[in-house]
Amino acid sequence: MLVIGIAGTELTAQERDWLQHDAVAGVILFTRNFASRAQVAELSQAIRAAAPRPQLVCVDQEGGRVQRFRDGYSDLPALEVFGKLYAQDPQAALPRAEEHAWLMASEIIASGVDLSFAPVVDLARGNRAIGNRAFDADPQIVAEFTRAYVRGMHSAGMAATLKHFPGHGTVLEDTHFDDAVDPRSLDVLRAEDLIPFVAGIEAKADAVMMGHVKYPAVAPEPAGYSPFWIQKILREEMGFRGVVFSDDIGMAAAFSAGGVKQRIHDHLDAGCDVVLVCSPKLVDESLKAVEGRALNTAAVLGVLGRGALGWDGLIADARYGDAQTHVIDNLKGVV
């Protein structure tokens, strides 16, 4: 199954045709697809109306620099702020992170969007792509935040997605632009980067997004299309039964698999349920690549939105104003 990107704030005729394809499971939205809250809701409705099967409408709305919808939405802080607060007051930090999750998820669901890919559970150890998107450098602290964040998303009615498995935080390279190679052993990864993922799975996280990092001491290919990482470690050893998403196959670190067709097949063959094709320029080729392939058309059903108040109902909810105060106003002084 594919989750695809579209070009603008309304569906084109070509994009409506794409949504008719058996392989398309949903659409991922970016800043280029956003004009207003009302427009996002209309676009989400149009996506579902154009397809013959349920569609997952999703986005990356983490907070900080990775927040695709801004005008009319809470100005969410990056997750790093909670790690800093934890150093001052652990008992305050965890409830605030849970409120951040509820606030983020509630606004997204009120907009008619099913899923924000969150939380980032990578360790804050200097990666260029992760940076302040991570809670902390200590895996045990990140594990505590992971549990809290999953609870918060679930309380809003949104599925939680742990990313980027098995851990993107320690290598320097940004996989959007470069290959990333982490030389550490599996034993070291189990003792460090995998700890937050274990916590998230125990907290009933619904999905995992793979990273494009290569761990040559563990497996020869990047984790995103590694049968060892997906089948042996994530599924068998860690007991994860939810949805496995690839990261975007348009990222530079995915090129090691070859062309678009090879990238898609390698990810699906390795055990990914859904492959992200974020660039509209790659969609035609991606749809041709999966013709004739048996696909799990029900893979995304478990992560579809679980009901929404809509914006009027959300704004009338006393918890909404309280969460904005606690998560935005009260955290501005945390350094």
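Data block above holds the structure.
Bear in mind the structure is a predicted one, so any value in this text is a computation, not a measurement.

Conventions and cut-offs
- Residues numbered from 1 in each chain as written.
- Predicted model: local features only at pLDDT ≥ 70, side-chain atom pairs only at ≥ 80, totals over all residues.
- Heavy atoms only, no water.
- Helix = DSSP H or I, 4+ residues; strand = E, 2+ residues; numbered from the N terminus.
- Rg over C-alpha atoms; globule rule 2.2 N^0.38 Å.
- Buried < 20%, exposed > 50% of the residue type's maximum accessible area, 1.4 Å probe, protein only.
- Disulfide = S-S within 2.5 Å.
- Pairing = 2+ DSSP bridges.
- Contact = heavy atoms within 4.5 Å.
- Axes fitted to C-alpha atoms, helices over the stretch in contact; angles between N-to-C directions.
- Right-handed = clockwise from strand over helix to strand, strands pointing away.
- Phe/Tyr/Trp six-rings, centres within 6.5 Å; stacked < 30°, edge-to-face > 60°.
- Lys NZ or Arg CZ within 6 Å of the ring centre and 35° of its normal.
- Salt bridge = Lys/Arg side-chain N within 4 Å of Asp/Glu carboxyl O.
- Core = buried A, V, L, I, M, F, W, Y, C linked by side-chain atoms within 4.5 Å.

On to the overall build of the protein. A count of helical and extended segments in the protein gives twelve helices and ten strands. In terms of overall size, the protein behaves like a compact globule, its C-alpha atoms giving a radius of gyration of 19 Å where 335 residues would be expected to give roughly 20 Å. The dimensions of the protein, computed from C-alpha atoms along their principal axes, are 55 × 50 × 30 Å. Split into buried and exposed, the 335 residues of the protein put 59% on the buried side.

Look at the link from Ala118 to Pro119: it is a cis peptide, with omega at 5 degrees. Position of Pro119 among the secondary structure elements: in the loop between β6 (115-116) and α5 (139-156).

In total, this model carries zero disulfides according to the counting rule given. Cysteine Cys58 remains unbridged, with the sulfur of Cys278 as its closest cysteine sulfur at 8.1 Å. Looking at Cys278, the relative accessible area reads 9%, which means it is buried.

Another point: the sheet that holds strand β9 (residues 243-248). Taken together, eight strands build an open sheet; the order of strands is β6-β3-β2-β1-β10-β9-β8-β7 and the sheet is parallel. Every interior strand has two partners, whereas the edge strands, β6 and β7 (161-165), have only one. Across four bridges, the pairing between β7 and strand β8 (residues 207-210) is parallel. Bridge pairing links Lys163 to Met209 in β8. Sitting on the sheet, helix α2 (residues 37-49) touches β2 (24-29) and β3 (56-59), and the angle it makes with β2 is about 165 degrees. Across the face of the sheet, helix α8 (residues 227-237) comes into contact with β7, β8 and β9 while running at roughly 150 degrees to β8.

A few words now on the pairing of strand β1 (residues 2-5). Side-chain alternation along β1 places Leu2 and Ile4 on one buried face and Val3 and Gly5 on a second face that is also buried. In terms of strand pairing, β1 meets strand β10 (residues 274-277) through three bridges, oriented parallel. Bridge pairing in β10 links Val3 to Leu276.

The side-chain alternation of β8 yields two buried faces, one formed by Ala207 and Met209 and the other by Val208 and Met210. Across three bridges, β8 lies against β9 in parallel orientation. Bridging across to β9, Ala207 finds its partner in Val243. For the segment spanning β8, α8 and β9, crossover handedness is right-handed.

A word on the packing of aromatic side chains. Taken as a whole and assessed by the stated rule, the structure comprises 14 aromatic pairs. Ring centres of Phe165 and Phe197 lie 5.1 Å apart, and the angle between their planes is 85 degrees; this geometry places the pair in the edge-to-face category. Remark: Phe197 occurs in helix α7 (residues 194-202) and Phe165 occurs in strand β7; sequence separation between them is 32 residues. For the pair shown, Phe165 and Phe197 are each scored as buried. Clustering of aromatic rings is evident, with ring pairs tying together Phe34, Phe69, Tyr73, Trp311 and Tyr320. Sitting above the plane of the Trp311 ring, Arg37 keeps its charged end 3.8 Å from the centroid.

Before going further, it helps to examine the pattern of salt bridges. Counted under the stated rule, the structure contains 19 salt bridges. Where Arg184 meets Asp193, a salt bridge forms, and the shortest distance between an N and an O atom there is 2.8 Å. Accessibility classification places Arg184 together with Asp193 in one group, the buried group. Taking the shortest distance from any N to any O, the salt bridge between Arg235 and Asp273 comes out at 3.0 Å. With a gap of 38 residues between them, Arg235 in helix α8 and Asp273 in the loop between α9 (260-270) and β10 connect regions that are remote in the sequence. Asp273 matches Arg235 in its accessibility class, with the two residues each being buried. The network of salt bridges with common partners includes Asp60, Glu62, Arg68, Arg133 and Lys163.

What follows deals with the nonpolar core. Inside soluble globular proteins, nonpolar side chains tend to come together where they are buried. Ranked by internal contacts, the top residues of the largest apolar core, which has 122 residues, are Leu29, Phe165, Met210, Trp229 and Phe245. Per element, the largest residue contribution to this core is eleven residues, and it comes from helix α4 (residues 90-110). When residues no more than four places from it in sequence are discounted, the contact partners of Phe165 are Leu194, Phe197, Val208, Met209, Met210, Gly211, Ala223, Trp229, Ile233, Leu234 and Met238.

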